[in-house]
Amino acid sequence: MSGFENYREDTAALEREIEIRGIVLGIDWHDADQVMALAREALASSPEHIEALVRDPDVRLKAKGELFALAVLMLQTMAESATIGIHSHGGSAWKALGHALLQLSDMAHGDLPTPPV
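Residues numbered from 1 in each chain as written. Predicted model: local features only at pLDDT ≥ 70, side-chain atom pairs only at ≥ 80, totals over all residues. Heavy atoms only, no water.

**A look at the overall build of the chain**
Rules: Helix and strand definitions here come from DSSP, where helices need a minimum of 4 consecutive H or I residues and strands a minimum of 2 consecutive E residues; each element is numbered from the N-terminal end. When accessible area is computed with a 1.4 Å probe and restricted to protein chains, residues below 20% of their type maximum are described as buried, those above 50% as exposed, and intermediate ones as partly exposed.
Each helix and strand counted, the chain has five helices and zero strands in total. Tracing the chain from N to C terminus, the helices and strands come up as α-α-α-α-α. Each of the 117 residues in the chain was classed as buried or not, and the buried ones make up 37%.

**What about the layout of surface pockets?**
To find leftover empty space, a probe the size of one water molecule is rolled over the atoms. What counts, and what does not: A 1.4 Å probe that fits but cannot get out identifies a cavity on a 1 Å grid over protein atoms alone, an open set with protein on both sides within 12 Å along at least five of seven lines counts as a pocket, and a residue lines either if it has an atom within 4 Å of a point. Grid points are joined across faces, edges and corners, and a volume is the space filled by probe spheres set on the points. In this classification, the charged set is Asp, Glu, Lys and Arg, the nonpolar set is Ala, Val, Leu, Ile, Met, Phe, Trp, Tyr, Cys and Pro, and all remaining amino acids, among them Gly, are polar.
Taken as a whole, the second largest pocket holds about 180 Å³ of empty space. Listed by contribution, the elements that provide at least two residues to the lining of the second largest pocket are α2 (32–44) and α5 (92–108). For the lining of the second largest pocket, the element with the most residues is α5, which contributes six residues. Taken together, the residues that form the lining of the second largest pocket break down as six nonpolar, four polar and one charged.

**Brief notes about the nonpolar core**
Here is the rule we go by: As used in this record, nonpolar core signifies buried Ala, Val, Leu, Ile, Met, Phe, Trp, Tyr and Cys residues forming a set joined through side-chain atoms within 4.5 Å. Contacts were defined at the residue level, with two residues in contact if any of their heavy atoms lie within 4.5 Å.
I18, W29, L38, L67, M74, L97 and L101 are the most contacted members of the largest nonpolar core, which totals 26 residues. Put simply, the parts of the chain that give this core at least two residues each are α1 (7–25), α2, α3 (47–55), α4 (59–82) and α5. Apart from residues lying up to four places away in sequence, L67 is in contact with I18, R21, L25, W29, L38 and L97.

**Digging into the packing of α2 against α4**
Selection criterion: Where helices are involved, their axes are fitted lines through C-alpha atoms of the stretch in contact, as for all axes, and angles between N-to-C directions lie from 0 to 180°. Roughly parallel covers angles under 35 degrees, roughly antiparallel covers those over 145, roughly perpendicular covers 65 to 115, and oblique covers all other angles.
For the pair α2 and α4, interaxial distance at closest approach is 10 Å and the crossing angle is 80°. The angle between α2 and α4 places the two elements in the roughly perpendicular class. The residues of α4 that touch α2, namely those facing L38, E41 and A42, are K64, L67 and F68.

**Observations regarding α4**
We count it as follows: Take the number of residues in a helix, subtract one, and multiply by 1.5 Å to get its expected span. Contacts described as polar in this section are N or O atom pairs within 3.5 Å, which, within protein, must combine one atom able to donate a hydrogen with one able to accept it, while residues neighboring in sequence count only if both atoms come from side chains.
The first and last C-alpha atoms of α4 sit 34 Å apart over 24 residues, in line with the 34 Å expected at 1.5 Å per residue. Buried residues of α4: A63, K64, G65, E66, L67, F68, L70, A71, M74, T77, M78 and S81, and no others. The opening residue of α4, the one whose side-chain oxygen lies 2.8 Å from the backbone nitrogen of R60, is D58.

**Some details on the confidence of the model for the chain**
Here is the rule we go by: For every residue, the predictor assigns a confidence score, pLDDT, that lies between 0 and 100.
For the chain, mean pLDDT is 85; residues scoring 70 or higher make up 87% of the total. Here α5 stands out as the element of the chain with the lowest mean pLDDT, 86, in contrast to α3, whose mean of 96 is the highest.

**Here's the deal with the packing of α1 against α4**
Stated precisely, the cut-off is as follows: Put simply, a crossing is left-handed when the front helix is turned counterclockwise from the back one by less than a right angle, and right-handed when it is turned clockwise.
Remark: α1 packs on α4, axes separated minimally by 9 Å, with the N-to-C direction vectors making an angle of 155°. As summarised for this structure, α1 and α4 are arranged roughly antiparallel, according to the angle between their axes. In this structure, α1 crosses over α4, and the sense of that crossing is left-handed. Contacts between α1 and α4 pair Y7, T11, L14, E17, I18, R21, V24 and L25 from the former with V59, R60, A63, K64, E66, L67, L70, L73, M74, T77, E80 and S81 from the latter. Of the residues that constitute the contact of α1 with α4, the class distribution is 11 nonpolar, three polar and six charged.

Laid out in structure tokens, this is it:
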């Protein structure tokens, strides 16, 4: 790690891109069931599947693949910043998606669900 990361800027940029893909896909970030289904699909997607979605000529499928890739970057940003004591988070789209991903991940590992963000 170089120590020159600007997590605030990275988080804001990721949030914007997540929101854009959410608009393309018609995601209501306040609809917990819809976000949970999206997170479930993201976690079930292999890197190869995500790459295929990103390369798909269908705008919605491409946006879904990009959203899944952004979710990976989002989780990496949170994990990396946490190692140096920074709590990175974005706005409502980030929090909704992050919460759903973490909750499903915790359930898959037999842990208790994480509290709402």
